[in-house]
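Chain and residue survey
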2 protein chains.
Amino acid sequence: MTKPYASLSPAELKQELDALKAQYKVYQNKDLRLNMSRGEPCPEQLDLSMGMMDVFSSEADLHCDDGTDCRNYGVLGGLEEAKQLLGSMIEVPADNIMIYGNSSLNVMYDSISRSMTHGVMGNTPWCKLDRVKFLCPVPGYDRHFAITEYFGIDMINVPMNSDGPDMDMVEGLVSSDAAIKGIWCVPKYSNPTGVTYSEETVKRFARLKPAARDFRIYWDNAYSVHHLYEHRQAYLIEILAECKRAGNPDLVYKFTSTSKISFPGSGIAAIATSHNNLEDIRRQFAIQTIGHDKVNQLRHVRFFKDLNGIREHMRKHADILRPKFEAVEAIFSEDLGDCGVGEWTNPLGGYFISFEAMPGTAQAIVRRCKNVGVELTGAGATYPYHQDPHDSNIRIAPSYPSLEDLKTAARIFTLSVRIESINKLLETV
Amino acid sequence: MTKPYASLSPAELKQELDALKAQYKVYQNKDLRLNMSRGEPCPEQLDLSMGMMDVFSSEADLHCDDGTDCRNYGVLGGLEEAKQLLGSMIEVPADNIMIYGNSSLNVMYDSISRSMTHGVMGNTPWCKLDRVKFLCPVPGYDRHFAITEYFGIDMINVPMNSDGPDMDMVEGLVSSDAAIKGIWCVPKYSNPTGVTYSEETVKRFARLKPAARDFRIYWDNAYSVHHLYEHRQAYLIEILAECKRAGNPDLVYKFTSTSKISFPGSGIAAIATSHNNLEDIRRQFAIQTIGHDKVNQLRHVRFFKDLNGIREHMRKHADILRPKFEAVEAIFSEDLGDCGVGEWTNPLGGYFISFEAMPGTAQAIVRRCKNVGVELTGAGATYPYHQDPHDSNIRIAPSYPSLEDLKTAARIFTLSVRIESINKLLETV
């Protein structure tokens with residue numbers, strides 16, 4: 001079938017549907033269990049970091065450069081060398097960084113929670129306000145939206161374009177509504193669209209004139225070094241420096257972690273921001289903890305050594321991930337290229353492919369995949385409140401399954417897309 | 001000088017003072033730097049856990065018993081075997097436990113923070129209330145008080161007796177004032193008094209009838225296995241079971257960690273509580289994180305194996321700590337036994353000796369020690385708002401300095417106590 005479905009007659013559509021359903025039936029008896037729902041590294045990727053387990057032995061010296069015994073309490077905010085390592089990775093001076101525990105999501109949660117109870121740099125705690133709003137570029141990261149939803153923060157959708165969020169809308173809203181306190185951003189290889197914000201977008205972010213003095217950009221730089229290609233890398237300009245240059249030094253909280261670099265649950269996370277913001281955050285930090293896991297910080301420093309060490313390591317990740325992304329792309333092109341019933345991204349990095357199905361079919365597609373054992377991120381998950389207004393966006397996470405499983409899953413996915421698209425077209429006949 | 005100072009004439013006191021000041025002067029030229037301020041393990045104690053660094057190599061299998069790859073994301077609430085290990089340590093079933101990151105202080109902070117923003121089991125979030133109060137047995141742990149102070153929670157002092165807090169007062173206040181939402185407890189080898197709550201005290205705790213439905217006992221079981229003596233151990237009855245028996249199953253949050261068992265900054269922490277409370281907490285937990293460091297959980301399980309492994313390990317800690325506590329006790333007895341100007345505890349476990357100086361002298365003693373290079377916990381730190389109403393309590397932390405340094409520090413301390421006691425006695429002549 002090479003013609004766009006929209007140009008087919010109902011009879012032709014039904015004929016195609018019968019053929020597709022016959023193919024689908026084959027999978028129903030296979031008892032498959034394939035998971036493309038979360039951005040989890042696969043076992044081969046995890047194996048890349050097993051050398052971390054050899055970094056220390058019982059004979060090791062666990063003192064860091066300044067003489068601190070990393071086994072004991074203390075050193076709030078992290079080891080100097082860990083700050084330098086993560087700083088070099090996200091292009092921020094070490095003294096703009098605080099190191100946390102194993103999860104940047106937790107750092108973001110803590111940032112919102114602190115703003116709720118204690119406010120931002122002397123401003124009214126959000127829990128004392130009638131209303132707090134966040135801008136949410138969509139489709140976006142479900143766990144970001146879950147945090148703001150949990151705290152009762154109103155979420156406003158902002159469309160994502162190919163160069164980042166719709167900045168006209170962002171500027172208009174942020175400058176006019178003092179209840180808007182933040183915006184969630186994944187500026188590089190965005191989750192799920194794979195978009196990297198353009199230089200102009202970042203510059204416009206840095207020059208926002210928020211009505212709220214406690215407005216902050218939540219800049220989740222999760223995929224800063226997560227390229228798929230050696231010589232086709234997206235470039236993102238560094239926002240802290242740009243904010244400083246624009247006279248808005250305190251405008252941004254930047255988050256990062258090694259979660260998809262070393263071990264996802266056992267990495268180190270950090271926040272990077274201005275000295276004013278750091279001082280504000282430290283007041284809480286000093287109450288919350290005596291310090292995070294320094295042995296693990298030192299382990300990361302000794303294993304990766306420097307930015308080049310991280311880059312070499314990320315090349316190995318890319319060698320595993322690239323064929324997976326390319327396999328999905330090839331199958332999508334082959335199976336869907338002519339049907340005109342969906343569009344998808346071909347990202348240069350990150351962990352996701354974003355699929356735009358025909359409006360009103362995403363939930364049915366996800367359900368149909370699930371019925372033969374292929375788990376996808378729930379339809380709607382990429383939107384605040386799980387409400388995709390067009391019921392069209394599906395996030396594909398190709399990292400975890402083996403290449404063979406992934407190919408099967410991708411075939412089932414395209415089949416489900418085609419079936420549900422025809423169902424939708426026949427509905428409207 | 002063998003007579004109590006209070007029985008000496010002013011002339012005798014002045015003579016004694018001159019002699020003591022001459023001794024003190026000797027230390028002024030020594031440029032000492034001795035630290036008895038925090039309950040930090042000493043390097044020899046940290047060395048006991050270096051075997052943890054050999055538990056895994058790059059050849060290791062990092063799957064846990066249920067087949068989970070501990071290197072990847074997930075397993076909210078911790079590995080089953082980690083729950084079992086910590087559960088056995090604090091005498092609680094594994095399914096009453098959630099494992100967190102490296103710090104039980106952080107778990108306590110999160111518990112208060114969650115109660116502020118989301119309330120406890122459906123009750124009004126504390127940030128929406130005019131007033132929230134906590135009971136604080138005194139002297140107590142400064143970092144507990146810092147958390148409640150940070151959240152603007154009013155703190156009410158409750159005297160500590162030799163069998164725990166004054167339970168008449170606790171019962172009276174808790175049952176009559178719905179603004180009282182919690183009480184901070186270190187029930188075993190209490191910080192700083194070394195007191196272990198008696199069976200009667202725990203039973204009365206379990207039978208509290210709080211006016212507030214969201215009242216919880218914050219049971220910081222930090223020193224559950226931290227005995228100094230093999231055959232003179234304090235016994236604490238298990239409070240979760242007792243609360244259940246008393247028909248108050250949801251009354252208590254129990255906290256623990258391996259901070260002073262393995263490495264202080266790189267251990268694992270946990271909360272133990274009823275299934276109702278866990279369900280309440282999990283709603284937040286699932287938003288806050290994708291899970292804590294499972295590799296480190298597995299490392300602890302493989303290193304300690306079981307409760308007996310922990311006990312054997314703690315015996316080695318005790319062998320290092322016991323001589324230090326005994327050295328301080330010996331010097332205090334020798335130098336102060338006859339003067340009648342101070343009382344101190346002889347704990348059977350934990351990390352602290354609590355010293356009660358003459359009223360109005362604690363700050364001066366701490367300052368005098370500091371002037372010759374001996375750092376103590378700030379006077380007042382063991383009370384909410386750093387306000388010791390009698391300016392008499394000083395917390396001594398003998399763990400960190402070497403035995404030799406500790407003896408010097410203890411001598412300087414007793415000398416400072418004697419000098420400032422005489423100063424105080426002469427003031428009132």
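Residues numbered from 1 in each chain as written. Chains lettered and ligands numbered in written order. Predicted model: local features only at pLDDT ≥ 70, side-chain atom pairs only at ≥ 80, totals over all residues.

Before going further, it helps to spend a moment on the overall build of chain A. Scanning chain A from terminus to terminus reveals 13 helices and 13 strands. Relative to its length of 429 residues, chain A is compact, with a C-alpha radius of gyration of 23 Å against a globular reference of 22 Å. Dimensions of chain A along its principal axes, counting C-alpha atoms only, are 75 × 55 × 35 Å. Buried residues in chain A amount to 54% of all 429 residues. Of the contacts made within chain A by residues no fewer than 6 positions apart, 76% connect residues no fewer than 24 positions apart. (Helix = DSSP H or I, 4+ residues; strand = E, 2+ residues; numbered from the N terminus. Rg over C-alpha atoms; globule rule 2.2 N^0.38 Å. Buried ≥ 20, exposed ≤ 12 C-beta atoms within 10 Å, placed from the backbone. Contact = placed C-beta atoms within 7 Å.)

Residue and element names in this part refer to chain A. Read across the sheet, three strands follow the order β10-β11-β13 without closing on themselves; strand pairing throughout is antiparallel. Each edge of the open sheet is held by one strand with a lone partner, namely β10 (342-344) and β13 (393-396). The sheet shows a mean angle of 20 degrees between the axes of neighbouring strands, taken without regard to direction. Both β10 and strand β11 (residues 353-357) contribute to a ladder of three bridges, which runs antiparallel. Each residue of the ladder has a partner; that of Glu-343, found in β11, is Glu-356. (Pairing = 2+ DSSP bridges. Axes fitted to C-alpha atoms, helices over the stretch in contact; angles between N-to-C directions.)

The next thing to look at is unusual backbone geometry. Residue Pro139(A) follows Val138(A) across a cis peptide bond; omega there is -5 degrees. On the secondary structure map, Pro139(A) appears in the loop between β3 (133-138) and α5 (142-150). A cis geometry characterises the amide bond from Asn191(B) onward to Pro192(B), with omega recorded as 5 degrees. Tracing the backbone through its elements, the reader meets Pro192(B) in the loop between β6 (180-185) and α7 (199-206). Here the phi dihedral of Glu91(A) falls at roughly 60 degrees; this positive angle occurs in a residue that is not glycine. Relative to the helices and strands, Glu91(A) resides in the loop between α3 (80-90) and β2 (97-99). For Met121(A), which is not glycine, the phi torsion reads 45 degrees and is therefore positive.

Here we take up the relation of the copies chain B and chain A. Between chain B and chain A, which share one sequence, the superposing operator has a rotation angle of 180 degrees and an axial displacement of 0.0 Å; the RMSD is 0.0 Å. Those values place the two copies in the arrangement expected of a two-fold rotation axis. Both copies present the same face, since 100% of the interface residues in chain B are matched by interface residues at the equivalent positions in chain A. (Least-squares fit on C-alpha atoms with pLDDT ≥ 70 in both.)

With that out of the way, let us pick up the domain arrangement of chain A. Residue and element names in this part refer to chain A. Here chain A is described as being made up of domain 1 (5-45 + 311-427) and domain 2 (64-305). One C-alpha centre belongs to domain 1, the other to domain 2, and the line joining them spans 31 Å. Contact residues are listed per partner, giving 25 residues for domain 1 and 29 residues for domain 2. Broken down by secondary-structure element, the contributors of at least two residues to the side of domain 1 that touches domain 2 are α11 (307-336) and β13. Per-element accounting of the side of domain 1 that touches domain 2 gives the leading share, eight residues, to α11. (Domains from an automatic or database assignment.)

On to the nonpolar core, then. Of all hydrophobic cores here, the largest spans 172 residues; its most connected members are Ala270(A), Ile271(A), Ala270(B) and Ile271(B). Within the second largest apolar cluster, 41 residues are counted, among which are Leu20(A), Phe332(A), Met358(A) and Ile412(A). (Core = buried A, V, L, I, M, F, W, Y, C linked by C-beta atoms within 7 Å.)

Moving on, we come to the interface of chain B and chain A. Contacts between chain B and chain A engage 45 residues on the former and 45 residues on the latter. Of all the secondary-structure elements, those providing two or more residues to the side of chain B that touches chain A are α2 (43-47), α4 (104-118), α5 (142-150), α9 (275-288) and α10 (294-304) of chain B. No other element matches the six residues that α4(B) contributes to the side of chain B that touches chain A. For the side of chain B that touches chain A, the class distribution of residues is 21 nonpolar, 17 polar and seven charged. (Nonpolar A, V, L, I, M, F, W, Y, C, P; charged D, E, K, R; others polar.)

So, about the packing of helix α11 (residues 307-336) of chain B against helix α13 (residues 403-427) of chain B. The axes of two packed helices give the description: the angle between them and the distance between them. Residues and elements named next belong to chain B. Where α11 meets α13, the closest approach of the two axes is 9 Å, and the angle between their N-to-C directions is 30 degrees. In terms of axis orientation, α11 runs roughly parallel to α13. Crossing of α11 against α13: the hand is right-handed. Note on element contacts: α13 touches α11 through Leu-403, Leu-406, Lys-407, Ala-410, Arg-411, Thr-414 and Val-417, opposite Pro-323, Lys-324, Ala-327, Val-328, Ile-331, Phe-332, Asp-335 and Leu-336. For the contact of α11 with α13, the class distribution of residues is ten nonpolar, one polar and four charged. (Parallel < 35°, antiparallel > 145°, perpendicular 65-115°, else oblique. Left-handed = near helix turned anticlockwise from the far one by under 90°.)

All names here are of chain A. Where burial is concerned, most of strand β7 (residues 216-220) is hidden: five out of the five residues are buried. Side chains of β7 alternate between two faces, with Arg-216, Tyr-218 and Asp-220 and Ile-217 and Trp-219 buried alike. Bridge count for strand β6 (residues 180-185) against β7 is four bridges, and the pairing is parallel. Paired with Gly-182 across the two strands is Arg-216, which belongs to β7. Chirality of the crossover, the property in question, places the unit of β6, helix α7 (residues 199-206) and β7 among those that are right-handed. Handedness of the crossover is the feature at issue here: the chain leaves β7, passes through helix α8 (residues 239-245), returns alongside strand β8 (residues 252-257), and the resulting connection is right-handed. (Right-handed = clockwise from strand over helix to strand, strands pointing away.)

Another point: the pairing of strand β8 (residues 252-257) of chain B. All names here are of chain B. Taken across its six residues, β8 has six buried, putting it largely inside the fold. Of the two faces of β8, the one holding Val-252, Lys-254 and Thr-256 and the one holding Tyr-253, Phe-255 and Ser-257 are both buried throughout. Note: strand β7 (residues 216-220) against β8, four bridges, orientation parallel. Each residue of the ladder has a partner; that of Ile-217, found in β8, is Val-252.

The next thing to look at is the sheet that holds strand β9 (residues 269-272) of chain A. Residue and element names in this part refer to chain A. Strand order in the open sheet formed by eight strands is β2-β9-β8-β7-β6-β3-β4-β5, with mixed pairing between adjacent strands. Each edge of the open sheet is held by one strand with a lone partner, namely β2 and β5 (164-165). The strands touched by α3 are β2, β8 and β9; relative to β2, the strand with the most contacts, the crossing angle is about 120 degrees. Lying on the sheet, helix α4 (residues 104-118) is in contact with β7, β8 and β9; it crosses β8 at an angle near 155 degrees.

Bringing the packing of helix α12 (residues 362-371) of chain B against α13(B) into the picture now. All names here are of chain B. Running from N to C, α12 and α13 cross one another at 135 degrees; their axes reach a closest spacing of 9 Å. Classified by the interaxial angle, the pair formed by α12 and α13 is oblique. Handedness of the crossing formed by α12 with α13: right-handed. For the pair α12 and α13, the contacting residues are Ala-364, Ile-365, Arg-368 and Cys-369 in the first and Ile-412, Phe-413, Ser-416, Val-417, Ile-419 and Glu-420 in the second. The residue makeup of the contact of α12 with α13, split by class, is seven nonpolar, one polar and two charged.

Tracing the backbone through its elements, the reader meets Phe263(B) in the loop between β8 and β9 (269-272). Remark: the alpha-carbon pair of Phe263(B) and Ser49(B), spanning 214 residues in sequence, is separated by 7.0 Å. Ignoring sequence-local partners within four residues, the contact set of Phe263(B) consists of Arg71(A), Val295(A), Leu46(B) and Ser49(B).

To continue, consider the confidence of the model for chain A. Low-pLDDT portions of the prediction should not be read for the details of their coordinates. Taken over all residues, the pLDDT of chain A has a mean of 97, while the share at 70 or more is 99%. Interface scoring of the predicted complex returns ipTM 0.96; its pTM is 0.96. (pLDDT = per-residue confidence, 0-100.)

Further remarks concern the environment of Arg207(B). Residues and elements named next belong to chain B. With respect to the helices and strands, the residue Arg-207 is situated in the loop between α7 and β7. Classification of Arg-207 as partly exposed rests on a count of 16 C-beta atoms within 10 Å. Taking C-alpha positions, Arg-207 is 39 Å from Tyr-400, a pair spaced 193 residues apart along the chain. Residue contacts for Arg-207: discarding those within four places in its chain leaves Ala-246 and Asn-248.

Residues and elements named next belong to chain A. Here Met-160 shows up in strand β4 (residues 154-161). Remark: the alpha-carbon pair of Met-160 and Glu-12, spanning 148 residues in sequence, is separated by 36 Å. Excluding anything up to four places from it in sequence, Met-160 contacts Pro-137, Val-138, Pro-139, Pro-165, Thr-193 and Val-195.

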